[in-house]
Amino acid sequence: MSDVQSGFSSSYAQARQKFLIAAQSAGLSVDSHAHPLQGRDAEALAMDVVFDGAPGAQALLIISSACHGVEGYCGSGVQVHALQNAAWRAAAKAQGVAVLYIHALNPHGFSHVRRVTHENVDINRNFQDFAQALPDNPAYREIQPLLLPEVWPPDAANTAATNQFIAERGMKAFQAAISKGQHEFPDGLFFGGQAPTWSNLTLRKVLQKYGQACKKLAWIDLHTGLGPSGVGERIFACADDAAAYSRAKAWWGQGITSIYDGSSTSPMLTGLMWMSAYQECPQAEYTGIAMEYGTQPTDKVMHALRGDHWLQLHPEAPAALRQQIKQDLMDAFYVDTDAWRTQIVEQAMEAMQQAATGLNKGLKK
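Keep in mind it's a predicted model, so treat the numbers as computed, not measured.

A. Structural context of the packing of helix α6 (residues 138-147) against helix α8 (residues 171-179). Packing of α6 against α8 brings their axes to within 9 Å, and their N-to-C directions diverge by 95 degrees. Of the possible angle classes, the one that applies to α6 and α8 is roughly perpendicular. In contact with Ala139, Tyr140, Ile143 and Leu147 of α6, α8 contributes Phe174, Ala177 and Ile178. When its residues are assigned to classes, the contact of α6 with α8 shows seven nonpolar, no polar and no charged.

B. Highlighting empty space enclosed by the protein. A complete count under the given rule lists two cavities of 30 Å³ or more for this structure. In this model, the largest cavity occupies a volume close to 310 Å³. What lines the largest cavity is a set of 27 residues, among which Arg115, Arg125, Leu226, Ser266 and Glu292 lie closest to the centre. Contributing elements (two or more residues each) for the lining of the largest cavity: α8, β5 (216-229), β6 (232-236), β7 (285-294) and α12 (298-313). Taken together, the residues that form the lining of the largest cavity break down as 14 nonpolar, nine polar and four charged. Estimates place the volume of the second largest cavity at around 30 Å³.

C. Inspection of the sheet that holds β5 at higher detail. With mixed pairing, the seven strands of this open sheet are ordered in space as β1-β2-β4-β3-β5-β7-β6. Unpaired on one side and paired on the other, β1 (30-38) and β6 mark the two borders of the sheet. Strand after strand, the sheet turns through a mean of 20 degrees between neighbouring axes, direction not considered. The sheet contact formed by strand β3 (residues 59-64) and β5 spans six bridges and is parallel.

D. Structural detail: the packing of helix α3 (residues 72-84) against helix α14 (residues 338-363). The geometry of α3 relative to α14 is characterised by a closest axis approach of 10 Å and an angle of 60 degrees between their N-to-C directions. Relative to α14, the element α3 is oriented oblique. For the pair α3 and α14, the crossing hand works out as right-handed. Residues Cys74, Val78, His81 and Ala82 of α3 form the contact with α14, whose own contacting residues are Trp340, Ile344, Val345, Ala348, Met349 and Met352.

E. Region of the structure containing helix α13 (residues 319-333). Compared with an ideal rise of 1.5 Å per residue, which puts 15 residues at 21 Å, α13 spans 22 Å between its outermost C-alpha atoms and is within 8% of the ideal. Where α13 is buried, its residues meet α3, α5 (107-112), β5, α12 and α14.

Calculation criteria
Residues numbered from 1 in each chain as written. Predicted model: local features only at pLDDT ≥ 70, side-chain atom pairs only at ≥ 80, totals over all residues. Heavy atoms only, no water. Axes fitted to C-alpha atoms, helices over the stretch in contact; angles between N-to-C directions. Helix = DSSP H or I, 4+ residues; strand = E, 2+ residues; numbered from the N terminus. Parallel < 35°, antiparallel > 145°, perpendicular 65-115°, else oblique. Contact = heavy atoms within 4.5 Å. Nonpolar A, V, L, I, M, F, W, Y, C, P; charged D, E, K, R; others polar. 1 Å grid on protein atoms, 1.4 Å probe; cavity = no way out; pocket = protein on both sides within 12 Å on 5 of 7 lines; lining within 4 Å. Points joined across faces, edges and corners; volume = space filled by probe spheres on them. Pairing = 2+ DSSP bridges. Left-handed = near helix turned anticlockwise from the far one by under 90°. Expected span 1.5 Å × (residues − 1).

Below, the structure is given as structure tokens:
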């Protein structure tokens, strides 16, 4: 296998092992934050962190994976490849940029092939101010009964009702109603939680430890599941700030998209994870993107997510159905071909190089 292909894995345990070995081979130490639960195969779970660069570096680039558990099969492969890429590591150092690799923000979802955490929470809807009233999503409330039917696959009546909603409102409205996030149905899809998750609290500790010395901070969070297969959409991942958006375009190209102006495949969201950069690293000028790689059409991805949540509510499901649902979810967030993996790594490495260059320019007087 080529270096690109060998960085990817078929299980969380394998992915973690490859990440740890890559760090060790690079002469880097690993800061492991143990998760309270075990993985699918009774393995230990952790958010593993590797810092590569000069202590106290003024420019820091974060590369993170598995915000949405199962999406870690993609992100982990990128991180392993980057750690094994001597040319990339040397280039970052030459530009005065330290790199922080955060492997498996949601290790439980990664291991159990779920998008959500063990609390059934979408991390990227969980960074809310829980002392305040949480966002309401009346559109989700309307379709919640359709999303999790009594039987799976959905029967004819459920399929007809769902198709009618899509026909009347459109697929984009259906997607937005679901994926915007909600805080009302703990067993539902895209649940943002009613308190900070383990991943939320642990990530904040990591940012406090490694992100408070830099003056310039960049973040590339690796995702899958939206857009054309293999295409990495670069979604602006900052507050709605014109200066940051201009900076992001200068670094990553005019094709960068945004949830704020409707140009992204992602709907408008709240409780986003990267907002923690402002809260935990207030001294730094922050610029970030979510790298969103396409896999399958939106309807298939949504169907797979519904199936996985249905399965969580029906542990009595037959083994064959369980296996099919899990395979459908895996296929929705990871394309198991050499061509797709090559596209992923090439685009990620380009974005990382661009971030390092942008950070370096920002440091010059």
